[in-house]
Amino acid sequence: MSKHHEEKSKTTPMQVVLASAGGLIPPLITIFLVVQLVLSIQHSHVDKDTDETLAKTVAERIKPVGEEKVADANAPKVVKSGEEVFNAVCTACHTSGALNAPKFGNKGDWAPRIAQGYDTLVKHAIEGIRAMPARGGAADLSDQEMQRAVAYMADAGGAKFTAPK
Ligand code: HEC
């Protein structure tokens, strides 16, 4: 039965295998060559890159410490601008209006506050008032930084204060 079938179709299993293999070999060779090509290109690149990167990395690592920005306890403290203080501390409550804090940029919230005068606002900001913690909870802020932050916030709410130099 199977012999009969083979004769009829004239295709032996061996032929099928050979035909498939014959069809597969050229693409395989192509893939192999492409991989070789890619690898050789990569290789030449990686070699160059590592040399350059290595030189840079080493230069970075051995560069004198003085060039880095190292926090020096003896260096004069850089006084933050009102905006910097606001973004670092005050924004936590004054952007969202948390705890009923007067919202940044909201003239309605700020008008009655501004009416108290700059000095009173600064005093309240430094000492704290009701839910407003002293110095916004950042005890390391200097009076000058508080003056600047208050001017920055109040001005955004419609005032025209200038923090003393
Ligand atoms: C933990 C939340 C919180 C933080 C942080 C905060 N505030 Fe306030 N602030 C409040 C609240 C609440 C009020 C309203 C207090 C009230 O009048 O009852 C307020 C009110 C104020 C007022 C108006 C005071 C007055 O007399 O009307 C000023 C000025 C002010 N804050 C400045 C600042 C500054 C400057 C910072 C950042 C250094 C800051 N706040 C950080 C919660 C905060």
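Let me sum up the structure you'll find in this document.

Procedures and definitions
Counting from 1, residues in each chain are numbered in the order their sequence is written. For this predicted model, a pLDDT threshold of at least 70 governs which residues receive local features, and a threshold of 80 or more governs which side-chain atom pairs are given and counted, while totals over whole chains, interfaces and linings are taken from all residues. Each side-chain value is worked out from all heavy atoms of the structure, with water and hydrogens disregarded. Only nitrogen, oxygen and sulfur atoms count as donors, using a 2.8 Å cut-off from the metal that widens to 3.2 Å for Na, K and Ca. Water is left out, so coordination shells may look unfilled. Key to geometry: four donors with every angle between 85 and 135 degrees are tetrahedral; four donors are square planar and six octahedral where opposite donors lie over 155 degrees apart and all remaining angles lie between 65 and 115; all other sites are irregular. Secondary structure elements are defined from DSSP: runs of H or I of at least 4 residues count as helices, runs of E of at least 2 residues count as strands, and each element is numbered from the N terminus. Only protein chains enter the calculation, and the probe is 1.4 Å; a residue is then buried if its accessible area is under 20% of its type maximum, exposed if over 50%, and partly exposed in between. To count toward a patch, a residue needs a relative accessible area above 30% and no salt bridge. Like charges then connect within 9 Å, nonpolar side chains (Val, Leu, Ile, Met, Phe, Trp, Tyr) within 5 Å. Residue burial considers only the protein chains on display, and all accessible areas are found by Shrake-Rupley using a 1.4 Å probe. Salt bridge, as applied in this entry: a Lys or Arg side-chain nitrogen positioned within 4 Å of an Asp or Glu carboxyl oxygen. By convention a nonpolar core is built from buried Ala, Val, Leu, Ile, Met, Phe, Trp, Tyr and Cys residues, the set being connected through side-chain atoms within 4.5 Å. What a helix is expected to span follows from its residue count: subtract one and scale by 1.5 Å. One axis is fitted to the seven residues ending at the residue and one to the seven starting there. The bend at that residue is the angle between these axes. The contact criterion used is simple: two residues touch if any of their non-hydrogen atoms lie within 4.5 Å. For each structure, a 1 Å grid was placed over the protein atoms alone; sets of points admitting a 1.4 Å probe that cannot get out are labelled cavities, open sets with protein on both sides within 12 Å along at least five of seven lines are labelled pockets, and lining residues have an atom within 4 Å of a point. Grid points are joined across faces, edges and corners, and a volume is the space filled by probe spheres set on the points. By convention, a stacked pair of Phe, Tyr or Trp rings (six-membered ring in the case of Trp) has centres within 6.5 Å and planes under 30 degrees apart, an edge-to-face pair has planes over 60 apart, and any other such pair is tilted.

With that out of the way, let us pick up the coordination of the iron atom of the ligand. Protein coordination at the iron atom of the ligand: the donors are H94 (NE2) and M132 (SD), at 2.0 Å from the metal. For the iron atom of the ligand, the six donor atoms are set out with angles of 88 to 180° between them, so the coordination reads as octahedral. Taken as a pair, H94 in helix α3 (residues 82–94) and M132 in the loop between α5 (118–127) and α6 (143–156) lie far apart in primary sequence, 38 residues in all. Assessed through its relative accessible area of 22%, M132 is described here as partly exposed.

A surface patch of nonpolar side chains, amounting to about 470 Å² of accessible area, comprises L24, L28, I31, V35 and L39. Structurally, L24 can be placed in helix α2 (residues 13–62).

Here we take up the nonpolar core. Within soluble globular proteins, side chains that are nonpolar tend to cluster in buried spots. The biggest cluster of nonpolar side chains holds 21 residues, and the ones touching the most others in it are C90, A154 and F161. Contributions of two or more residues to this core are made by α3, α4 (107–114), α5 and α6.

A separate point is unusual backbone geometry. At L99, a residue that is not glycine, the phi angle is positive and equals roughly 60°. If you trace the backbone, L99 turns up in the loop between α3 and α4. The backbone of R135 sits at a positive phi, close to 50°, despite the residue not being glycine. With respect to the secondary-structure elements, R135 resides in the loop between α5 and α6. Under the relative-accessibility criterion, R135 is labelled buried at 18%.

A few words on α3. Given a rise of 1.5 Å per residue, 13 residues ought to cover 18 Å, yet the end C-alpha atoms of α3 are separated by just 13 Å, more than 12% below that figure. Maximum bend of α3: about 55°, positioned at A88. Taken as a whole, α3 has its buried residues at G82, V85, F86, V89, C90 and H94. Buried positions along α3 lie against α4 and α6.

Counted as a void, the largest pocket has a volume near 460 Å³. Surrounding the largest pocket, 26 residues form its lining, H94, P102, R113, I129 and M132 being those nearest its centre. Those elements that place two or more of their residues in the lining of the largest pocket are α3, α4, α5 and α6. For the lining of the largest pocket, the element with the highest residue contribution is α3, accounting for five residues.

This next bit is on α6. With 14 residues, α6 extends 20 Å from end C-alpha to end C-alpha; this agrees with the ideal 20 Å at 1.5 Å per step. Listed as buried for α6 are E145, M146, A149, V150, A151, M153 and A154. Phi turns positive, to about 115°, at G158, one or two residues after α6.

Moving on, we get to the packing of aromatic side chains. Inspection of every chain in the model, using the stated rule, returns four aromatic pairs. With centroids separated by 5.7 Å and ring planes inclined at 55°, the aromatic side chains of F86 and Y152 adopt a geometry described as tilted. One end of the pair, F86, is in helix α3; the other, Y152, is in helix α6, and 66 residues separate them in sequence. Note on F86: relative accessible area 4%, which makes it buried. Through pairs of rings, three or more aromatic residues link up here, namely F86, F104 and Y152.

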